[in-house]
Every structure is written in structure tokens, then in C-alpha cells.
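Each chain, written out:
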Amino acid sequence: MARAKGIENIEKDLDGNLERDLNTLVRAIITDLSSEEYSAVDTGFFASSWTASTQRPRPDQSRKDHSPWSNIKPSRMGRKAPGAVVEPRFLDTLSFNFKPYSKVFVGNRSEYAARALASPRSGVPQYVQGKLSKLISKVFTDKPKLGVGTFGTGVKYESKNVRDLKGVGIFGGADDVFVDYTNP
């Protein structure tokens, strides 16, 4: 038998849902940006270097210092180099414990990130202007719905400041009490 949650836990529950959705969104953004669809790929290092933090990620990492990209010769011809590897480097090392009311920065750690973002092959600006808002709407799907009912409905709240309404909406019986606050 399911146990009813008291209304006093609503703030904690909503914060928990918000935190879960925020971390899901950050993971989805990093996964999307780490694909060849949005990040320009020569050796694959730029596409593999997306990360998130509560501080701005610094573009301070050289391709030459990280295997397997150090062994891949860049084509520098506007196309993918033979042997290019796109493999998100930070996705598995992030804790994804971002809090809802803190700033979260998504950035690229490759030292040539600014040049790669400005490349005509980069789809990052289109991602930010187009798909990102759709992704946010998809991830944050919880629409607040608050129902308050009494007389055996699972939640009972008594206060001298709340008056009972009889026969509201589909609860047309004289003994039924129900107040429904729904976000359309």
C-alpha cells in the first residue's frame, strides 16, 4: 500500500526534482556538444573536451598532451582526420551534483576552443539558439500540480484560516470537500 506524503515535504520534493532535472540537462548538453553533429571535428579533441563546473572551464589543455589525440595528425583541411576519436573525456568524471540555485558553466577545455567555436563547421551556435531551448522544455517536464483534499484523500490539513467548500467541481456531493490548484 502506498504511503501518502505530507504537504510539509513539498519544498524538499520540488527542490529534489529540480536538482535531478538540472543534472540531467547538464549531462544531456555535454553529450550533445560532444558529438560530431555540433562540434567541429578534426582530431576529435575539441568535441571530446566539453565539461561543466560551477566555475568557468578554462581552455588550457593541449591536444598534444592527451592520448589518443596526441598521435592523430590533424588534417587542417576542414574535414575529419584519419583516425579521429570523439570520446567525451569528462562525462564520467563529473559528479553531476549541481544545485538548482547555483551557476553552472558548460565549456570546452581545449586550448583552441575559441577558434573551433568560430569555425564555419561548428554547430554550437545553432545548438544554443535552437535545440537547447527544446531540450530544456523536454527535461523540465514537471508541471506543478497541487491538489489539496480532505476526508480520506491522503492529505489532511486543518486550520482555522481555511474554510471548507462543499460540492466543488466533480465533487458535487454535499459531504465532499476538494480544492484543486492546477497549472494549465
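Located above this text is the structure these notes cover.
What you are looking at is a predicted structure, and each value in this text was computed from that prediction instead of being measured. (Residues numbered from 1 in each chain as written. Predicted model: local features only at pLDDT ≥ 70, side-chain atom pairs only at ≥ 80, totals over all residues. Heavy atoms only, no water.)

**Q** Quick question: what am I supposed to make of the overall build of the protein here?
**A** Within the protein, the secondary structure is distributed over 3 helices and 4 strands. For the protein, the succession of helices and strands along the chain, N to C, is α-β-β-α-α-β-β. Split into buried and exposed, the 184 residues of the protein put 32% on the buried side. Of the contacts formed within the protein by residues at least 6 apart in sequence, a portion of 74% connects residues at least 24 apart. Surface exposure of the protein reaches about 12600 Å², of which carbon and sulfur atoms provide 53%. (Helix = DSSP H or I, 4+ residues; strand = E, 2+ residues; numbered from the N terminus. Buried < 20%, exposed > 50% of the residue type's maximum accessible area, 1.4 Å probe, protein only. Contact = heavy atoms within 4.5 Å. Areas by Shrake-Rupley, 256 points an atom, 1.4 Å probe, with all protein chains shown as cover.)

**Q** Before we go on, may I ask you to explain the packing of aromatic side chains in this structure?
**A** Two measures describe an aromatic ring pair: the distance that separates the ring centres and the angle between the ring planes. Counting across every chain of the model gives 5 aromatic pairs. Seen from their ring centres, Phe46 and Trp50 are 5.5 Å apart, and the 65° between their planes marks the pair as edge-to-face. The residues Phe46 and Trp50 share a single accessibility class, namely buried. A connected cluster of aromatic rings, assembled from ring pairs, spans Phe45, Trp69 and Tyr112. (Phe/Tyr/Trp six-rings, centres within 6.5 Å; stacked < 30°, edge-to-face > 60°.)

**Q** For this particular structure, what's the right way to read the packing of helix H1 (residues 10-33) against helix H3 (residues 124-139)?
**A** Helix packing for two helices is described by the angle between their axes and how far apart those axes are. Look at H1 against H3: their axes get within 11 Å of each other, and the N-to-C directions meet at 150°. One element, H1, and the other, H3, form an angle in the roughly antiparallel class. Viewed along their axes, H1 and H3 form a crossing whose handedness is right-handed. Judged by residue contacts, Asp21, Thr24, Leu25, Ala28, Ile29, Asp32 and Leu33 of H1 engage Val124, Tyr127, Lys131, Leu132, Leu135, Ile136 and Val139 from H3. For the contact of H1 with H3, the class distribution of residues is 10 nonpolar, 1 polar and 3 charged. (Axes fitted to C-alpha atoms, helices over the stretch in contact; angles between N-to-C directions. Parallel < 35°, antiparallel > 145°, perpendicular 65-115°, else oblique. Left-handed = near helix turned anticlockwise from the far one by under 90°. Nonpolar A, V, L, I, M, F, W, Y, C, P; charged D, E, K, R; others polar.)

**Q** So what exactly am I meant to see when it comes to the nonpolar core here?
**A** Side chains that are nonpolar tend, in soluble globular proteins, to be buried together. In this structure, Val26, Ile29, Ile30, Leu33, Phe96, Tyr127 and Leu135 are the most contacted members of the largest nonpolar core, which totals 27 residues. Per-element accounting of this core gives the leading share, 7 residues, to H1. Setting aside anything within four residues of it in sequence, one finds Leu135 in contact with Leu25, Ala28, Ile29, Asp32 and Tyr127. (Core = buried A, V, L, I, M, F, W, Y, C linked by side-chain atoms within 4.5 Å.)

**Q** How should I be thinking about H3 in this particular structure?
**A** Three- or four-residue spacings in an α-helix give side chains the same orientation, since the helix completes a turn every 3.6 residues. Taking 1.5 Å of rise per residue, 16 residues should cover 22 Å, yet H3 covers just 19 Å from first to last C-alpha, more than 12% shy of that figure. Of all the bends in H3, the greatest measures close to 45° and is centred on Lys131. Listed as buried for H3 are Val124, Tyr127, Leu132, Leu135 and Val139. (Expected span 1.5 Å × (residues − 1). Bend = angle between axes of the 7 residues up to and from the residue.)

**Q** Whenever I open this one, the environment of Ile30 confuses me. Can you help?
**A** Counting through the fold element by element, Ile30 comes out in helix H1. Ile30 gets classed as buried once you look at its relative accessible area, which sits at 0%. Each C-alpha atom, one on Ile30 and one on Gly107, is 8.8 Å from the other, the two residues being 77 residues apart in sequence. Leave out the neighbours within four places in its chain, and Ile30 touches Trp50, Thr51, Ala52, Leu91, Leu94, Phe96 and Val106.

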